[in-house]
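Structure at a glance
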Amino acid sequence: MTTSHDLLLESYQRLHAYGPEFGGDEEGNHGLTNHGPMAVEVIVRRGLDVDVDRWLDRYVRRLAELPPSGTEISRRDWRAALGSARRLPAWTRLFRAELRERPWTDVLTEWWPRLLPGMVAGSTHGVIRVGHAVRALRAAPGVPPAPEALDELAHGLAFWAARYRELPGAVPPAGALAPADALRGVARLADQSGYIAHRLDRLAGTPGWPSSVRRLRGAGSAEEVPERLESLVDAAVEAYLGLGHAAPVLLVHAATAPNAVRHVLPVLPARLWTGSLAAAWAAAAAIVATYAPADPAPHPEPAGLTASAALERAAHHGDEHVLKFTDTALEAFDRTGDPSHLAAAAHAATLIASP
């Protein structure tokens, strides 16, 4: 009998024939991200009423095959290869080899601080894919990790490294604002047009951008980081209610990116936690700065919604962003009991077109 874990591994194996992006130019610029592995992880973990094989049959028709092989990357020259989209296959081979040679937690601990400054890579999909892969690996404690699950982590790390991009003005939080207030105060681009790479480039010249990033209340110690991250995720989910209409797909990542970091924290040494919070906040703030309006719009009141209904709606909807955002929103609701988090999930399902 096929278990849910077996189904996930079979799905990974099928999806690993495809690249992490599709469309765009020959470098992969301005393409769309392959969300298949992340969405299927949510479907399987949540036990959603979705026929995974049929979902994949529809989804993979969009995808592009893995790009051809490139020059190998060694442990000595990896810095020069950061952000090189053409070397994605070589990055994948490097991480696959490392994950076969050492415990996956050791590999992640080594590479996490190297990749953190480039968290906006691929519109934050690198860290999000890594976060979902880590959740799958943690789901089977005491069991040797399956090759397919290790390969999924390799693909996530490779995408992050190949799309590595540092944010201008990404200073550590050192202010007094709670996440909800800090998100409201993020300096917005005057010209919110063009692809995300173009928008991020314009952050450097945006008045008040670094200072608005600094205003978030940081963590006084590593022990405070998990709660700070949870509060950031909770605030970003709720903020989607008033901001999501401006860019329904892109703005979900202000919540799902820091949530991915939150799920990786338990396998990282505490010395890496504070830097993880700073990078997650900077990435979320950058998404808000480049896509969100300064003033929130009126939004539906959170009335009569339930967690089970939100999951059923996401499963019926079927869009990968709706699935991932609903998963994040329900975690926020489980922590807070705040119905606005369920309302945000329902709002995303309304704003984002069903496939």
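The structure displayed is predicted, hence computed values, not measured ones. Here, residues in each chain are numbered from 1, in the same order as that chain's written sequence. For this predicted model, a pLDDT threshold of at least 70 governs which residues receive local features, and a threshold of 80 or more governs which side-chain atom pairs are given and counted, while totals over whole chains, interfaces and linings are taken from all residues. Only heavy atoms go into the side-chain values, all of them from the structure, while hydrogens and water stay out.

**Section: empty space enclosed by the protein**
Stated formally: Points on a 1 Å grid, built from protein atoms alone, make a cavity when a 1.4 Å probe fits but cannot get out and make a pocket when they are open with protein on both sides within 12 Å along at least 5 of 7 lines; residues with an atom within 4 Å of a point are the lining residues. Grid points are joined across faces, edges and corners, and a volume is the space filled by probe spheres set on the points. The helix count covers DSSP runs of H or I at least four residues long, the strand count covers runs of E at least two residues long, and both are numbered beginning at the N terminus. Under the convention adopted here, Pro, Cys and the residues Ala, Val, Leu, Ile, Met, Phe, Trp and Tyr are nonpolar, Asp, Glu, Lys and Arg are charged, and Gly plus all remaining residues are polar.
One pass over the full model with this rule turns up 3 cavities of 30 Å³ or more. In this structure, the largest cavity occupies an estimated 70 Å³ of space. Lining the largest cavity are I128, G131, H132, R135, T256, N259, A260, H263, K324, D327 and T328. Secondary-structure elements contributing two or more residues to the lining of the largest cavity are helix 7 (125–138), helix 13 (253–264) and helix 16 (320–336). Tallied by class, the residues present in the lining of the largest cavity amount to 2 nonpolar, 6 polar and 3 charged. If you trace the second largest cavity, you find it lined by L183, A236, A239, Y240, L243, L251, A254 and V288. With 4 residues, helix 12 (residues 225–243) is the single largest residue contributor to the lining of the second largest cavity.

**Quick word on a negative patch on the surface**
The line we're drawing: Put simply, a patch holds well-exposed residues, over 30% relative accessible area, that have no salt bridge, with like charges counted together within 9 Å and Val, Leu, Ile, Met, Phe, Trp or Tyr side chains within 5 Å. Surface accessibility in these figures is a Shrake-Rupley result with a 1.4 Å probe; residues are shielded only by whichever protein chains are displayed. A pair is scored as a salt bridge if a Lys or Arg side-chain nitrogen falls within 4 Å of a carboxyl oxygen belonging to Asp or Glu. A residue counts as positive if it is Lys or Arg and as negative if it is Asp or Glu; His and the chain ends are not included. Lysine's charge is taken at NZ, arginine's at CZ, aspartate's at CG and glutamate's at CD.
Together, D6, E10, D51 and D53 make up a negatively charged patch on the protein surface. Inspection of the secondary structure assignment puts D53 in helix 3 (residues 52–59).

**Concerning the packing of helix 7 against helix 8 (residues 147–162)**
Quick reminder of the rule: For helices, the axis comes from a line fit to the C-alpha atoms of the stretch in contact; other axes are also lines fit to C-alpha atoms, and the angle between any two N-to-C directions lies between 0 and 180 degrees. An angle below 35 degrees is read as roughly parallel, one above 145 as roughly antiparallel, one from 65 to 115 as roughly perpendicular, and any other as oblique. Definitions for this section: a left-handed crossing has its near helix turned counterclockwise from the far helix by less than a right angle. A right-handed crossing has that turn clockwise. Contacts are assigned to residue pairs that have any heavy atoms within 4.5 Å of one another.
Their axes nearest at 8 Å, the elements helix 7 and helix 8 cross at an angle of 165°. Here helix 7 lies roughly antiparallel to helix 8, going by the angle between them. Where helix 7 crosses over helix 8, the handedness of that crossing is left-handed. Counted together, H125, G126, V127, R129, V130, A133, V134 and L137 of helix 7 and A149, L150, E152, L153, H155, G156, L157, F159 and W160 of helix 8 form the full contact between these two elements. Residue classes in the contact of helix 7 with helix 8 are distributed as 11 nonpolar, 4 polar and 2 charged.

**A few points about the nonpolar core**
Note that soluble globular proteins tend to have their nonpolar side chains buried in a common cluster. Rule in force here: Buried Ala, Val, Leu, Ile, Met, Phe, Trp, Tyr and Cys residues form a nonpolar core when they are joined through side-chain atoms within 4.5 Å. Throughout this description, buried means an accessible area under 20% of the type-specific maximum (1.4 Å probe, protein chains only), exposed means over 50%, and partly exposed covers the range between.
With 126 residues, the main nonpolar core has W91, L108, W112 and L153 as its most contacted residues. A per-element tally of this core places helix 14 (residues 273–291) first, with 14 residues. Here W112 is in contact with V127, V130, W160, V261, V264, L268, L272 and S276, once residues within four sequence places are set aside.

**Considerations on the environment of G175**
For G175, the location among the structural elements is in the loop between helix 8 and helix 9 (179–184). Put simply, G175 and S211 are 36 residues apart on the chain and 9.3 Å apart in space, counted from C-alpha to C-alpha. Those residues in contact with G175, other than ones at most four positions away along the chain, are R214, R215, L216, R217 and G218.

**A word on the pattern of salt bridges**
It is possible for side chains bearing opposite charge to pair when their charged atoms get close. According to the stated counting rule, one finds 25 salt bridges in the structure shown. The shortest N-O distance in the salt bridge between R14 and D57 comes to 2.5 Å. Within this pair, whereas R14 is found in helix 1 (residues 4–15), its partner D57 is found in helix 3, the two being separated by 43 residues in sequence. The class for R14 is partly exposed, based on a relative accessible area of 30%.

**A few points about unusual backbone geometry**
Residue S123 is not a glycine yet carries a positive backbone phi of 55°. Here S123 is to be found in the loop between helix 6 (104–115) and helix 7. Phi is positive for T124, which is not a glycine, with a value near 75°. Mapped onto the secondary structure, T124 falls in the loop between helix 6 and helix 7. Residue T124 is classed as buried on the basis of its relative accessible area, which comes to 1%.

**Overview of the environment of Q192**
What counts here: Identification of polar contacts relies on pairs of N or O atoms within 3.5 Å, with a donor-acceptor requirement for protein atoms, meaning one able to donate a hydrogen and the other able to accept it, and with residues adjacent in sequence counted only if both atoms are side-chain atoms.
Positionally, Q192 belongs in the loop between helix 9 and helix 10 (196–202). Beyond its immediate chain neighbours, meaning those up to four positions away, Q192 contacts R199, R202, V288, A289, T290, Y291 and A292. At 3.1 Å, the side chain of Q192 and the backbone oxygen of A289 are in polar contact.

Any functional reading would require information that these geometric values do not contain.
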